[in-house]
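Listed below are the residues making up each chain.
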Amino acid sequence: MKIRIRRILFPILFCLAVACVIELPLAQTTIFGDDVILWDTLFRSVIAVPMLVHLYREDSVFRGKEHWNGKIAAAAFFSGAGISLAFGLAVRAFQISGAALADESLFTGNLWLETVVLLAASPILEEYFFRGVLYGRCKELVSAPAAAFMTAAFFGVFHWDLVQGIYSFFMGLILAYLMEKTNTVKAPVVFHFAANLAALVLEVF
């Protein structure tokens, strides 16, 4: 039991440490301006992803056979894009101010940086952490549905804003389901990539 709890705590504490190492210097400077959250995510990804990939590969002995092909990849892509578009259009239709505030922190007008962070850094960092490592390690302690709920709740809290948090919680459940059914982090990464791509396209056009 203690070993399983330590296996859950290690990636959490590691990512918190990385966040502190990045955010403390960023708080002392204004050179990144309105793009500071995007740069923060990019820096955290560069530092944390290699370790998360290592932990994910280390845990491969606990996962079943990988189920991954073009059809599954396409389903993950179009479902992620479709759900994201539906949410984005609903936000605009109902003029949900909380979600709009969350958008402003990501869509700063610096298109190349938004593209790199939203389509690469963020999906890879978050999916390797939440689904690739944390979800599997939580399953060593609780059932798969409970692990999905726990990681989805953590994913929602991670996004802070209430509206985005609720949306992220339900997205987290879907992402955990994809991880469970495919036994590979590729599925949630593709889904997350497509969701962010749809949000970026909607914001630009």
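Just so we're clear, the structure is a prediction, and the values are computed from it rather than from any experiment.

## A few points about the overall build of the protein
Phase 1 of the analysis: In terms of helices and strands, the protein carries eight helices and zero strands.
Phase 2 of the analysis: Ordered by position from the N terminus, the helices and strands of the protein form the series α-α-α-α-α-α-α-α.
Phase 3 of the analysis: For a compact globule of 205 residues, the expected C-alpha radius of gyration is about 17 Å, and the protein comes in at 17 Å, within 12% of that figure.
Phase 4 of the analysis: Reported as C-alpha extents along the three principal axes, the dimensions of the protein are approximately 45 × 40 × 30 Å.
Phase 5 of the analysis: By residue count, 44% of the 205 residues in the protein fall in the buried class.
Phase 6 of the analysis: For the protein, the share of sequence-separated contacts (at least 6 apart) that also reach a separation of at least 24 residues comes to 77%.
Phase 7 of the analysis: Accessible area for the protein stands at about 10900 Å²; split by element, carbon and sulfur atoms hold 71% of it.
Phase 8 of the analysis: Averaging the locations of the 15 positively and 16 negatively charged side chains of the protein gives two centres separated by 16 Å.

## Notes on the side chain of Ser-84
Phase 1 of the analysis: Tracing the backbone shows Ser-84 in helix α3 (residues 70–94).
Phase 2 of the analysis: Judged by its relative accessible area of 6%, Ser-84 is buried.
Phase 3 of the analysis: If we ignore the near neighbours within four places in the chain, the residues touching Ser-84 are Tyr-167, Ala-195, Ala-198 and Ala-199.

## A few points about the nonpolar core
Phase 1 of the analysis: Among the nonpolar cores identified, the biggest contains 36 residues, and Leu-52, Phe-129 and Leu-134 are the most heavily contacted of them.
Phase 2 of the analysis: Mapped by element, the contributors of at least two residues to this core are α1 (2–26), α2 (36–58), α5 (111–138), α6 (144–158), α7 (162–182) and α8 (186–204).
Phase 3 of the analysis: Counting residues per element, this core draws most heavily on α5, at eight residues.
Phase 4 of the analysis: Membership of the second largest hydrophobic core comes to six residues, among which are Leu-38, Trp-39, Leu-42 and Val-117.

## Concerning the packing of aromatic side chains
Phase 1 of the analysis: Counting across every chain of the model gives 16 aromatic pairs.
Phase 2 of the analysis: On the basis of an interplanar angle of 45 degrees and a centroid distance of 5.4 Å, the ring pair of Phe-32 and Trp-39 is categorised as tilted.
Phase 3 of the analysis: Ring geometry for Phe-87 against Tyr-167: centres 3.9 Å apart, planes inclined by 15 degrees, an arrangement best described as stacked. Remark: Tyr-167 occurs in helix α7 and Phe-87 occurs in helix α3; sequence separation between them is 80 residues.
Phase 4 of the analysis: When the ring centre of Tyr-56 is taken as reference, the NZ or CZ atom of Arg-63 above it lies at 3.8 Å.

## Notes on the layout of surface pockets
Phase 1 of the analysis: Empty space within the largest pocket amounts to approximately 1300 Å³.
Phase 2 of the analysis: Lining the largest pocket are 49 residues, and of these Leu-106, Ser-122, Glu-126, Phe-158 and His-159 sit closest to its centre.
Phase 3 of the analysis: Counting residues per element, the ones that place at least two in the lining of the largest pocket are α1, α2, α3, α4 (97–106), α5, α6, α7 and α8.
Phase 4 of the analysis: Per-element accounting of the lining of the largest pocket gives the leading share, eight residues, to α1.
Phase 5 of the analysis: Class assignment of the residues belonging to the lining of the largest pocket gives a composition of 32 nonpolar, 10 polar and seven charged.
Phase 6 of the analysis: Space inside the second largest pocket adds up to approximately 160 Å³.
Phase 7 of the analysis: Taken together, 16 residues form the lining of the second largest pocket, with Phe-62, Arg-63, Gly-136, Arg-137 and Lys-139 sitting closest to its centre.
Phase 8 of the analysis: The set of elements that each furnish at least two residues to the lining of the second largest pocket consists of α5 and α7.
Phase 9 of the analysis: Broken down by element, the residue count for the lining of the second largest pocket peaks at six residues, all from α5.

Criteria and cut-off values
Residues numbered from 1 in each chain as written. Predicted model: local features only at pLDDT ≥ 70, side-chain atom pairs only at ≥ 80, totals over all residues. Heavy atoms only, no water. Helix = DSSP H or I, 4+ residues; strand = E, 2+ residues; numbered from the N terminus. Rg over C-alpha atoms; globule rule 2.2 N^0.38 Å. Buried < 20%, exposed > 50% of the residue type's maximum accessible area, 1.4 Å probe, protein only. Contact = heavy atoms within 4.5 Å. Areas by Shrake-Rupley, 256 points an atom, 1.4 Å probe, with all protein chains shown as cover. Lys, Arg positive; Asp, Glu negative; His and termini not counted. Charge placed at Lys NZ, Arg CZ, Asp CG, Glu CD. Core = buried A, V, L, I, M, F, W, Y, C linked by side-chain atoms within 4.5 Å. Phe/Tyr/Trp six-rings, centres within 6.5 Å; stacked < 30°, edge-to-face > 60°. Lys NZ or Arg CZ within 6 Å of the ring centre and 35° of its normal. 1 Å grid on protein atoms, 1.4 Å probe; cavity = no way out; pocket = protein on both sides within 12 Å on 5 of 7 lines; lining within 4 Å. Points joined across faces, edges and corners; volume = space filled by probe spheres on them. Nonpolar A, V, L, I, M, F, W, Y, C, P; charged D, E, K, R; others polar.

Everything listed is a geometric property; what it means functionally is a separate question.
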